[in-house]
Amino acid sequence: MREARTWVETTADDAHVRRERAKARALRQSAWWRAQLAKGRCHYCGGTFPPAELTMDHLVPVARGGRSERGNVVPCCRACNASKGCLTPAEQILDSLGLADPAAEPAPPEGGAEGPGA
Ligand SMILES: [Zn+2]
């Protein structure tokens, strides 16, 4: 189970999810997808993997309204797939910068100037 983020809306309707999951299964059988896997490269980390180690990842997740089409699916290693969760590409960037969740604790300022007894 992927990590749930409460600030992400994942209420894509069931019909959309079922349709796109079915399309993903068909796309996995296509010569185009096999050619993507044959390149052996993870879209996210750029690592080289045997085709069997790569999974199909949706750039915009199906649960977020993404479609199973060539422009939206990429080969992805298991580690990257697990860490991506249901975030869109823009949200992943914000998340990596610690900017995605306004409710999160802000990082403490460096070298706090005003200690006790100053
Ligand atoms: Zn990767």
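On a predicted model such as this, the values are computed, not experimentally measured, just so you know.

Asks: Quick rundown of the overall build of the protein chain? Include the residues and the values.
Replies: Scanning the protein chain from N- to C-terminus turns up 4 helices and 2 strands. Counted from the first residue to the last, the protein chain has its helices and strands arranged as α-α-β-β-α-α. The buried share of the protein chain, reckoned over its 118 residues, is 13%. Residue pairs in contact within the protein chain that sit at least 24 positions apart in sequence constitute 57% of those at least 6 positions apart.

Asks: Please set out the pairing of strand β2 (residues 73–77) residue by residue, giving values where relevant.
Replies: For β2, a buried count of 4 out of 5 residues is recorded, marking the element as mostly surrounded by other parts of the structure. Both strand β1 (residues 54–58) and β2 contribute to a ladder of 5 bridges, which runs antiparallel. Of the residues in β2, the one forming a bridge with Asp57 is Val74.

Asks: Which residues make up the confidence of the model for the protein chain, and what are the values?
Replies: Here the protein chain shows a mean pLDDT of 83. Residues at 70 or above account for 75%. Summarising per-element confidence for the protein chain, the mean pLDDT is lowest in helix α4 (residues 89–96) (82) and highest in helix α2 (residues 31–38) (97).

Asks: So what's going on with the environment of Glu91? Which residues, and what values?
Replies: Locating Glu91 in the fold gives a position in helix α4. Taking the C-beta count within 10 Å as the criterion, Glu91 has 20 such neighbours and is therefore assigned buried. Sequence separation of Glu91 and Asp101 is 10 residues, and the distance between their C-alpha atoms is 9.7 Å.

Asks: Kindly report on the environment of Glu69, identifying the contributing residues and their values.
Replies: Take Glu69: it is sitting in the loop between β1 and β2. For Glu69, a count of 12 C-beta atoms within 10 Å puts it in the exposed group. Considering only alpha carbons, one finds Glu69 and His58, 11 residues apart in sequence, at a separation of 8.7 Å.

Thresholds applied
- Residues numbered from 1 in each chain as written.
- Predicted model: local features only at pLDDT ≥ 70, side-chain atom pairs only at ≥ 80, totals over all residues.
- Helix = DSSP H or I, 4+ residues; strand = E, 2+ residues; numbered from the N terminus.
- Buried ≥ 20, exposed ≤ 12 C-beta atoms within 10 Å, placed from the backbone.
- Contact = placed C-beta atoms within 7 Å.
- Pairing = 2+ DSSP bridges.
- pLDDT = per-residue confidence, 0-100.

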